[in-house]
There are 2 protein chains.
Amino acid sequence: MRIGILGYGNLGRGVECAIKQNEDMELVAVFTRRDPKSVKILTPDVPVANISDILEYKDKIDVLILCGGSATDLPVQTPEYAKYFNVVDSFDTHAKIPEHFANVDAAAKEAGTVAVISVGWDPGMFSLNRMYASALLPDGKDYTFWGKGVSQGHSDAIRRIEGVVDARQYTVPVPEALSAVRAGDCPQLTTRQKHTRECYVVVEDGADKARIENEIKTMPNYFADYDTFVYFITLDELKRDHSGIPHGGVVIRSGKTGWNGENTHIIEYSLKLDSNPEFTTSVLVAYARAAYRLSCEGVRGCKTVFDIAPAYLSSMSGEELRKNLL
Amino acid sequence: MRIGILGYGNLGRGVECAIKQNEDMELVAVFTRRDPKSVKILTPDVPVANISDILEYKDKIDVLILCGGSATDLPVQTPEYAKYFNVVDSFDTHAKIPEHFANVDAAAKEAGTVAVISVGWDPGMFSLNRMYASALLPDGKDYTFWGKGVSQGHSDAIRRIEGVVDARQYTVPVPEALSAVRAGDCPQLTTRQKHTRECYVVVEDGADKARIENEIKTMPNYFADYDTFVYFITLDELKRDHSGIPHGGVVIRSGKTGWNGENTHIIEYSLKLDSNPEFTTSVLVAYARAAYRLSCEGVRGCKTVFDIAPAYLSSMSGEELRKNLL
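Structural notes, computed from the coordinates. (Residues numbered from 1 in each chain as written. Chains lettered and ligands numbered in written order. Predicted model: local features only at pLDDT ≥ 70, side-chain atom pairs only at ≥ 80, totals over all residues. Heavy atoms only, no water.)

1. Some details on the pattern of salt bridges
When their charged atoms lie close together, side chains carrying opposite charge are able to pair.
So, step 1. For the structure shown, the criterion picks out 32 salt bridges over all chains.
So, step 2. With a closest N to O distance of 2.7 Å, Arg182(A) and Glu268(A) form a salt bridge. Within this pair, whereas Arg182(A) is found in helix α6 (residues 175-182), its partner Glu268(A) is found in strand β13 (residues 263-273), the two being separated by 86 residues in sequence.
So, step 3. With a relative accessible area of 33%, Arg182(A) lands in the partly exposed category.
So, step 4. On the basis of relative accessible area, Glu268(A) is assigned to the buried category, the value being 8%.
So, step 5. With a closest N to O distance of 3.1 Å, Lys83(B) and Glu80(B) form a salt bridge.
So, step 6. A relative accessible area of 43% means that Lys83(B) is categorised as partly exposed. (Salt bridge = Lys/Arg side-chain N within 4 Å of Asp/Glu carboxyl O. Helix = DSSP H or I, 4+ residues; strand = E, 2+ residues; numbered from the N terminus. Buried < 20%, exposed > 50% of the residue type's maximum accessible area, 1.4 Å probe, protein only.)

2. Details of the relation of the copies chain A and chain B
So, step 1. Between the two copies, chain A and chain B, the superposition gives an RMSD of 0.0 Å; the rotation angle is 180° and the shift along the axis is 0.0 Å. In symmetry terms, the pair is related by a two-fold rotation axis. Residues of chain A ranked by C-alpha distance from the rotation axis are headed by Ala309(A), positioned 1.8 Å from it. (Least-squares fit on C-alpha atoms with pLDDT ≥ 70 in both.)

3. Some points on the sheet that holds strand β3 (residues 48-50) of chain B
All names here are of chain B.
So, step 1. Judged by pairing direction, the sheet is parallel, and its 7 strands sit side by side in the order β3-β2-β1-β4-β5-β6-β14 without closing on themselves. Every other strand in the sheet has two partners, leaving β3 and β14 (301-303) as the edge strands with one partner each. Averaged over neighbouring strand pairs, the angle between their axes works out to 25° when direction is ignored.
So, step 2. The strands that helix α1 (residues 10-21) touches are β1 (2-6), β2 (26-32) and β4 (63-66); relative to β1, the one it contacts most, it runs at about 165°.
So, step 3. Running at roughly 175° to β4, helix α2 (residues 73-81) makes contact with β1, β4 and β5 (86-88) of the sheet. (Pairing = 2+ DSSP bridges. Axes fitted to C-alpha atoms, helices over the stretch in contact; angles between N-to-C directions. Contact = heavy atoms within 4.5 Å.)

4. Description of the packing of helix α1 (residues 10-21) of chain A against helix α10 (residues 276-296) of chain A
Residues and elements named next belong to chain A.
So, step 1. Where α1 contacts α10, the two axes come as close as 8 Å, and the packing angle between them is 60°. Between α1 and α10, the angle is such that the two are oblique. Note that α1 runs across α10; the crossing there is right-handed. Taking contact as the criterion, the partners of Asn10, Leu11, Gly14, Val15, Ala18 and Ile19 in α1 are, on α10, Pro277, Glu278, Thr280, Thr281, Ser282, Leu284 and Val285. (Parallel < 35°, antiparallel > 145°, perpendicular 65-115°, else oblique. Left-handed = near helix turned anticlockwise from the far one by under 90°.)

Spelled out as structure tokens, the structure:
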């Protein structure tokens, strides 16, 4: 199938790498809002085009993978490009998913395309695992822990503080909370009891470290509700030790079965990711395969990971899947 | 939806318990090959009927859950009852799944019913996780570890040895193998390197323990390829310490992404189950919901966990799923 990429940041580059690993896929073009000449991609002989020329590719692309951000890009782009292409996005503003779904569904149904939204690992694979586990163990409780991993939003928040040159924030699950959940105790956990926040901060010469540390630790929404640890390091140390974008996390459901709930079961799904964007885009690419197949079957409208049978993601046939993986 | 149970052993009882936890389900009848008067079930006011009367319930049951064994019951029962009912089974003889699928598919398509086969945790949830993970990380390798848990087949094999009164066999993953896989090393592991077998054995007074231990450890297929540990205990100890049917295991996929495979990701799905049959039946019941819904949509034929969109398993609507779990 023929894939287009819209947006060439970490996600766009991740999609490009993932396409290389899937023999049934071909990258047709990368679209950008920048001057195409300024964008160098990894794949030889594939054009970079300005987004204004994208409709010229309407019949040359089976699925367009949208690699913009959830704050301002995707709410506009996904309904817009669903008018012309099968699309997949990684919209991750949980609270706005119903609205985004409605907008995209209307556009895709009218145009006769398939649009898969909120694909990645959370939302995405974590959502799937919350859903499967809750369907299997209705008398239970689920927990999602994120990390250890880099939160881009929290790192940005630290960078906006006066005197800060650069920063990297890690979200870290609290080991005691994880242990209690894994033991089937079904604890009630506060925000503070679930995660801690580790901040590696580079400051300007002569900056007031005490003030900066205090501003971080008391920042509402971002840090005030957490046990936050601030470490001042040099720019060289930041580059040497914190240049990756690792992430991951765990979804755990603990539930009871038996006539009187006498047996406890623990279902756990965990991810340890060297590169958050590359794993996210690996998921996007698998769902691009599904979008294309659904489209070929005449399906129309907006879908999420909940709506798509697993087999659509795999390059194997039904026979191969039953023989090799069932 | 109205559920029937065929077969009232550990699985049948587990289905009965699971139905109690799902408000959209009702147990209509339990069918048995035994004298119905000899079978006492847990649910008040639900009839136990002989299997010979099952066709009287043709229009009173939406899904019949088949709780027989894979060796001799299901190969006959699933195609037979798919002629009259939507059915779900837990057929778990991996090598014979393609043949079973073909037989059941033909029967269900001709009758216009939905049949979901090989539902449980392996095959079932473990299969799903092998499939999702391999679709997301095509450049990788997956590993399935079982246990710590009771293997009924291995326990039975020990019981057949002369002088053995009773036995319980636990399959146990080798910690070093698990660690190597979790570290992303993609090791090649032999059968012996993946699992050990722990046997708790009760023998007759005066039995030759050395001979029994040797017969166990050298038994082809069951034990010879494993590091096997034999512990002789009393019948009281067996009843006190080994009366449960716990099981579980782990599916791990380790894979590379990036232009040159420079990043490693680990996806892990694990189950810790107090009761193997009760978890298996929790999965059966969730797929019974899916079978009924698919049938209502006019779908016909044999399906596996790969073919069924996750949302069909949940009692929540699409809107609720997107709002609460995505």
